[in-house]
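Chain by chain, the residues:
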Amino acid sequence: VDSIAYVEAHGSGTPVGDPVEISALTKAFRTFTSRSGYCAVGSVKTNVGHLDAAAAVTGIIKTVLALRHRKLPPSLNFHQPNPEIDFPNTPFYVNTELREWPRNGLPRRAGVMATGMGGTNAHLVLEEAPEVEKRNFSSSPKLLVLSAKTETALDQATHRLAEFLQRDDSVNIGDVAYTLQVGRQSF
């Protein structure tokens with residue numbers, strides 16, 4: 001639990017719901033740590049509002065993107081905490097600005113609190129993907145295979161691929177060739 005630096009909470013924004021959620025998270029974290037104020041907490045609802053059935057998956061997507069970009073996302077429009085939440089005595093703080101997410105010698109980890117309609121609840125822990133190993137491919141030519149249902153669609157796919165390759169020079173062309181040959185449907 002000490003290695004979890006961010007929790008994407010349900011964050012209902014209600015006077016009762018948020019204190020109950022932070023209390024439950026604190027109780028779970030206190031089983032393993034007595035530290036306070038080290039774990040950022042946020043909710044995608046400050047970005048997009050209540051999403052009903054899509055709330056959990058949206059929180060997961062936000063958290064995966066935070067891990068990918070190595071940034072702790074801010075909670076928008078936060079001015080003061082709910083008076084029923086005693087943040088100084090919890091592991092949590094509300095992150096109010098985009099921050100670098102340091103590794104501190106361990107992989108970045110985040111919790112996602114998914115509270116659904118009708119009592120469908122889950123909590124999961126996500127860990128950043130391992131660094132992609134740079135492979136040394138020979139400088140031999142690579143075959144980029146594109147396939148589409150129409151000539152127009154093929155022209156558009158070709159244009160998008162060319163733009164992508166020109167925009168990102170860190171892409172391994174051997175990986176692109178492999179994915180296009182093995183990971184795409186032929187038409």
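Residues numbered from 1 in each chain as written. Predicted model: local features only at pLDDT ≥ 70, side-chain atom pairs only at ≥ 80, totals over all residues. Heavy atoms only, no water.

Draft legend 1. Region of interest: the overall build of the protein. Helix and strand counts for the protein stand at five helices and seven strands. Moving toward the C terminus, one meets the helices and strands of the protein in the order β-α-β-α-α-β-β-β-β-β-α-α. Taken against the 2.2 N^0.38 rule, which gives 16 Å for 187 residues, the C-alpha radius of gyration of the protein at 21 Å runs more than 25% over that of a compact globule. The principal-axis extents of the C-alpha atoms in the protein amount to approximately 60 × 35 × 30 Å. (Helix = DSSP H or I, 4+ residues; strand = E, 2+ residues; numbered from the N terminus. Rg over C-alpha atoms; globule rule 2.2 N^0.38 Å.)

Draft legend 2. Region of interest: the sheet that holds strand β7 (residues 121-127). The five strands are arranged β4-β2-β1-β6-β7 in an open sheet whose pairing can be described as mixed. Each edge of the sheet is formed by a strand with only one pairing partner; in this case those strands are β4 (92-94) and β7. In this sheet, adjacent strand axes meet at a mean angle of 25 degrees when their direction is disregarded. Looking at chain direction, strand β1 (residues 4-8) and strand β6 (residues 109-115) are connected through four bridges and run parallel. Bridging across to β6, V7 finds its partner in G111. (Pairing = 2+ DSSP bridges. Axes fitted to C-alpha atoms, helices over the stretch in contact; angles between N-to-C directions.)

Draft legend 3. Up close: the packing of aromatic side chains. Counted under the stated rule, the structure contains two aromatic pairs. With a centroid separation of 5.0 Å and 65 degrees between ring planes, the pair formed by F29 and F92 is classed as edge-to-face. Taken together, the residues span a long stretch of sequence, with F29 in helix α1 (residues 17-30) and F92 in strand β4 at a distance of 63 residues. No difference in accessibility class separates F29 from F92, as the two residues are buried. In this arrangement the basic side chain of R35 is found over the ring face of Y38, its NZ or CZ atom lying 3.9 Å from the centre. (Phe/Tyr/Trp six-rings, centres within 6.5 Å; stacked < 30°, edge-to-face > 60°. Buried < 20%, exposed > 50% of the residue type's maximum accessible area, 1.4 Å probe, protein only. Lys NZ or Arg CZ within 6 Å of the ring centre and 35° of its normal.)

Draft legend 4. Representation of a nonpolar patch on the surface in the model. A cluster of nonpolar side chains, namely V57, I61 and L65, defines an oily patch on the protein surface of about 250 Å² accessible area. Tracing the sequence through the fold places I61 in helix α3 (residues 55-69). Residue I61 is classed as partly exposed on the basis of its relative accessible area, which comes to 48%. (Patch = residues over 30% accessible without salt bridge, like charges linked within 9 Å, V, L, I, M, F, W, Y side chains within 5 Å. Areas by Shrake-Rupley, 256 points an atom, 1.4 Å probe, with all protein chains shown as cover. Salt bridge = Lys/Arg side-chain N within 4 Å of Asp/Glu carboxyl O.)

Draft legend 5. Main features of α1. The terminal C-alpha atoms of α1 lie 20 Å apart, and with 14 residues this matches the ideal 20 Å at 1.5 Å per residue to within 8%. Looking at the buried side of α1, the elements it contacts are β1, β2 (39-42), β4, β6 and β7. (Expected span 1.5 Å × (residues − 1). Contact = heavy atoms within 4.5 Å.)

Draft legend 6. Seen up close, unusual backbone geometry. Look at N77: it is not a glycine, yet its phi comes out positive at around 60 degrees. Turning to its location among the elements, N77 is positioned in the loop between β3 (71-72) and β4. In this structure N77 comes out as exposed when scored by relative accessible area, which is 66%. Here the phi dihedral of N104 falls at roughly 55 degrees; this positive angle occurs in a residue that is not glycine. Take N104: it is sitting in the loop between β5 (99-100) and β6.

Draft legend 7. Just the nonpolar core, in detail. Within the largest apolar cluster, 13 residues are counted, with the highest numbers of intra-cluster contacts made by V7, I22, F29, C39, V41, F87 and F92. Mapped onto this core, the elements with two or more residues apiece are β1, α1, β2 and β4. When residues no more than four places from it in sequence are discounted, the contact partners of F29 are V1, I4, V7, Y38, C39, P91 and F92. Counting residues in hydrophobic clusters, the runner-up holds nine residues, among them Y6, A66, L72 and A110. (Core = buried A, V, L, I, M, F, W, Y, C linked by side-chain atoms within 4.5 Å.)

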